[in-house]
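Each chain, letter by letter, is given below.
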Amino acid sequence: MISKLASTTLMRLKQAAARVRSTPATIWVASSLIALVNRLIYTLTIACIPDLLQRVLHEPRSSNGVITAAFGVGGLVAGCSIGYISDRTQNRLVPQLVAAALYVVAGIVFFYAKHFHQIVAFRLILGAASSIADTMLFTTVADVYPANLLGFKMAVLFVFDNIGNMLGPLLGGKAYEKMGVGGIAIIAMGLGVAEFLLILIFVRNSLDIRQTLVTNATSSIATSATDLVVIESTIASRRPSTGDHPSKKPDTSVCSSCVSVLSSRGAPSDYDTSNLPASKPAIASSTSNAQSSLQVVRLLLQLPVIGPTVSIFVGTGMQSVIETVFPLRLYDKFGYSPGAIGIAFMIVGGVLILAMPAVGFINDSVISRHGERMRYYTIAIGVLMMFVSLSVTAVAGSYPVLIFGYALFSITSMLVVVPAQSAFGDYINSTGSQAMAQCYSLAWIAEGMANITLPPIASGLYALIGFLRMLLSMSAVLCTICAISVLAFPVHCYWRARQLE
């Protein structure tokens, strides 16, 4: 009796667990927690890097940019491959587990780090892990919400990302002050293990969930369409038949038209898909091999993708620049300790967390009301505001003004990055392509390139011409390039409409 009850209870628990693992909300929540862990591990070392490199290892200021660039190199290498591998194998779960395992490996390397090249190796591994994890968490959310505008959902991911950004420097700074490098390494290894278990227990392959959702939705629409056909047939059979007005035959094409609408429901109409592969039915696109998927290079040549890719390069690149030179500025000008620098990041992160949901909600509302082109105008406005905030940061002569400028920059950079990130998923869902992971890998390729190139330039210019002129010159050039790239798509749509008139 007891064994039967235990067996029944176990079976019910397994069924309940399977139901939980199969819901889109679980993927969204798990991805949000993974974003938190990713950012925590990444930011643990931000506050202590100046002290570790300059005081302990006696490295020059330019080495800080090399450390940041190493993270970008690791992310770029992983980003160039993980999207294609995931789309080709139709598997999202294994890459996520690999990323969590790499976090543990990075923690082990950092634990034994005594020299500069070991810290570089730690950052390379950390960059690869973050690239894989971030690509997959954005991809999985876009997989299971195929018919929605993704701005708000992406904003929630960024909320958890910024919770990690807020807590990581503080936690890392305090751990470094009390336990040194070993304390940070132990925290990183523990977080990597926790992420691995979270994925293993609660996360399914998001493409399996997508297939189930599409199948159920298609069956529901087809059933409704069939009912309409039956009603139409009944009405037609009751009409008097005359020579001039023959009885109408039921239009059974309604079923196929309803199914075809499923994959593009809610998609913006401004996308030009004339040079894309023909869309397949939604079920086939989520189950077949990725032989017809767009390659990364072809994706990058699509005008709606170029602007968001450049936006992520500029937005995340300037964030990396600030993360590199902001601790140096606090250390050189105000003499702040790693713990105090961590508190500064905590203040900025708290402001950003409060603002982020509103950014995503406004983004989706504007696009749903005014069309896809408004996404690009929104990004352009965000770029202008980002330049203003960076100018405030550059001229700040006191700690409160510096913190205000940095907080303002964090918010305005999300006005650029959130619409750009959601653009990838909305674009792939609207075109029916199978290249979701490859499209999101573009985001990490852009971020990796930014981390490789911009922080070393920033740290070199910081040492050469100072904080003020470095930040103003870099922000002016990058924001101008970003605005031109983003506005290319709506301008193209405008001229195309004028030619058709």
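None of the values given here were measured: they were computed from a predicted structure.

A. Here's a closer look at the overall build of the chain. Broken down by element type, the chain carries 18 helices and 0 strands. Here the chain, with 501 residues, has 52% of them falling under the buried criterion. For the chain, restricting intrachain contacts to residue pairs at least 6 apart in sequence, the fraction spanning at least 24 positions comes to 85%. Counting every atom, the chain has about 21100 Å² of accessible surface; 68% of that belongs to carbon and sulfur.

B. How the structure looks around the environment of Val416. Here Val416 shows up in helix H16 (residues 399-431). Residues Val416 and Ile312, spaced 104 residues apart in sequence, show a C-alpha to C-alpha distance of 7.4 Å. Those residues in contact with Val416 that lie beyond four places of it in its chain are Ser311, Ile379, Gly382 and Val383.

C. How the structure looks around the packing of aromatic side chains. All chains considered together, the criterion is met by 10 aromatic pairs. An angle of 75° between the planes, with centres 6.0 Å apart, marks the rings of Trp28 and Tyr145 as edge-to-face. Highlighted residues: Trp28 in helix H2 (residues 24-43) and Tyr145 in the loop between helix H6 (116-144) and helix H7 (151-179), separated in sequence by 117 residues. Look at Trp28 and you get buried, because its relative accessible area is 19%. When the ring of Phe424 is compared with that of Tyr440, the centres are 5.8 Å apart and the planes differ by 75°; the resulting orientation is edge-to-face. In this pair, Phe424 is assigned in helix H16 and Tyr440 in helix H17 (residues 436-465), connecting sequence segments 16 residues apart. Assigned by exposure class, Phe424 and Tyr440 land together as buried. Site record: aromatic cluster; members linked through ring pairs are Phe138, Phe158, Phe424 and Tyr440.

D. Representation of the pattern of salt bridges. Taken as a whole and assessed by the stated rule, the structure comprises 4 salt bridges. The partner of Asp87 in a salt bridge is Arg92, and the shortest N-O contact between them spans 3.1 Å. Among the ionic pairs, Arg204 bridges to Asp208, the shortest N-O distance being 3.9 Å. Judged by its relative accessible area of 23%, Arg204 is partly exposed. Look at the salt bridges and you will find they share partners, linking Asp87, Arg92 and Asp143 into a network.

E. A look at a nonpolar patch on the surface. A contiguous nonpolar surface patch, about 590 Å² in accessible area, is contributed by Val20, Val193, Phe196, Leu197, Leu200, Ile201 and Phe202. The dominant element in the nonpolar patch, judged by the number of residues it contributes, is helix H8 (residues 181-202), at 6 residues. With respect to the helices and strands, Phe196 occurs in helix H8. By relative accessible area, which is 30% here, Phe196 ends up partly exposed.

F. Spatial organisation of the packing of helix H15 (residues 373-395) against H16. At a closest axis distance of 8 Å, the pairing of H15 and H16 adopts a crossing angle of 160°. On the basis of their axis angle, the class for H15 and H16 is roughly antiparallel. At the point where H15 passes H16, the crossing takes the left-handed sense. Tallied by class, the residues present in the contact of H15 with H16 amount to 17 nonpolar, 8 polar and 2 charged.

G. Highlighting the confidence of the model for the chain. For the chain, the mean per-residue pLDDT works out to 77, and 80% of the residues sit at or above 70. Of all the helices and strands in the chain, helix H10 (residues 253-262) carries the lowest mean pLDDT, 34, while helix H5 (residues 93-111) carries the highest, 93. The low-confidence segment residues 227-232 (pLDDT under 50) makes 4 contacts with residues lying over four places distant or belonging to another chain. Across residues 238-269 the pLDDT falls below 50, and counting only partners more than four positions away or on other chains, this stretch makes 32 contacts in the model.

H. Here's a closer look at the environment of Ser485. Within the secondary structure, Ser485 sits in helix H18 (residues 467-500). Its relative accessible area of 17% is what places Ser485 among the buried residues. Through-space distance from the C-alpha of Ser485 to that of Val305 is 9.9 Å; in sequence the pair is 180 residues apart. Each residue touching Ser485, except ones within four places of it in the same chain, is listed here: Gly307 and Val310. Among the polar contacts listed, one links the side chain of Ser485 to the backbone oxygen of Ile481, at a separation of 3.0 Å.

I. View of the environment of Ile343. Along the chain, the position of Ile343 falls in helix H14 (residues 338-370). With 296 residues separating them along the chain, Ile343 and Ala47 place their C-alpha atoms 9.4 Å apart.

J. Spotlight on the nonpolar core. Membership of the largest hydrophobic core comes to 84 residues, with the highest contact counts inside it found for Met318, Val321, Phe326, Met356, Tyr440, Met470 and Leu471. For this core, the element with the highest residue contribution is H16, accounting for 13 residues. Excluding anything up to four places from it in sequence, Met470 contacts Val321, Val325, Ala458, Leu461, Tyr462 and Ile465. Formed by 39 residues, the second largest nonpolar core is a distinct cluster that contains Ile49, Ala70, Ala129 and Ala133.

What counts, and at which threshold
- Residues numbered from 1 in each chain as written.
- Predicted model: local features only at pLDDT ≥ 70, side-chain atom pairs only at ≥ 80, totals over all residues.
- Heavy atoms only, no water.
- Helix = DSSP H or I, 4+ residues; strand = E, 2+ residues; numbered from the N terminus.
- Buried < 20%, exposed > 50% of the residue type's maximum accessible area, 1.4 Å probe, protein only.
- Contact = heavy atoms within 4.5 Å.
- Areas by Shrake-Rupley, 256 points an atom, 1.4 Å probe, with all protein chains shown as cover.
- Phe/Tyr/Trp six-rings, centres within 6.5 Å; stacked < 30°, edge-to-face > 60°.
- Salt bridge = Lys/Arg side-chain N within 4 Å of Asp/Glu carboxyl O.
- Patch = residues over 30% accessible without salt bridge, like charges linked within 9 Å, V, L, I, M, F, W, Y side chains within 5 Å.
- Axes fitted to C-alpha atoms, helices over the stretch in contact; angles between N-to-C directions.
- Parallel < 35°, antiparallel > 145°, perpendicular 65-115°, else oblique.
- Left-handed = near helix turned anticlockwise from the far one by under 90°.
- Nonpolar A, V, L, I, M, F, W, Y, C, P; charged D, E, K, R; others polar.
- pLDDT = per-residue confidence, 0-100.
- Polar contact = N/O pair within 3.5 Å; in protein donor to acceptor, adjacent residues only side chain to side chain.
- Core = buried A, V, L, I, M, F, W, Y, C linked by side-chain atoms within 4.5 Å.

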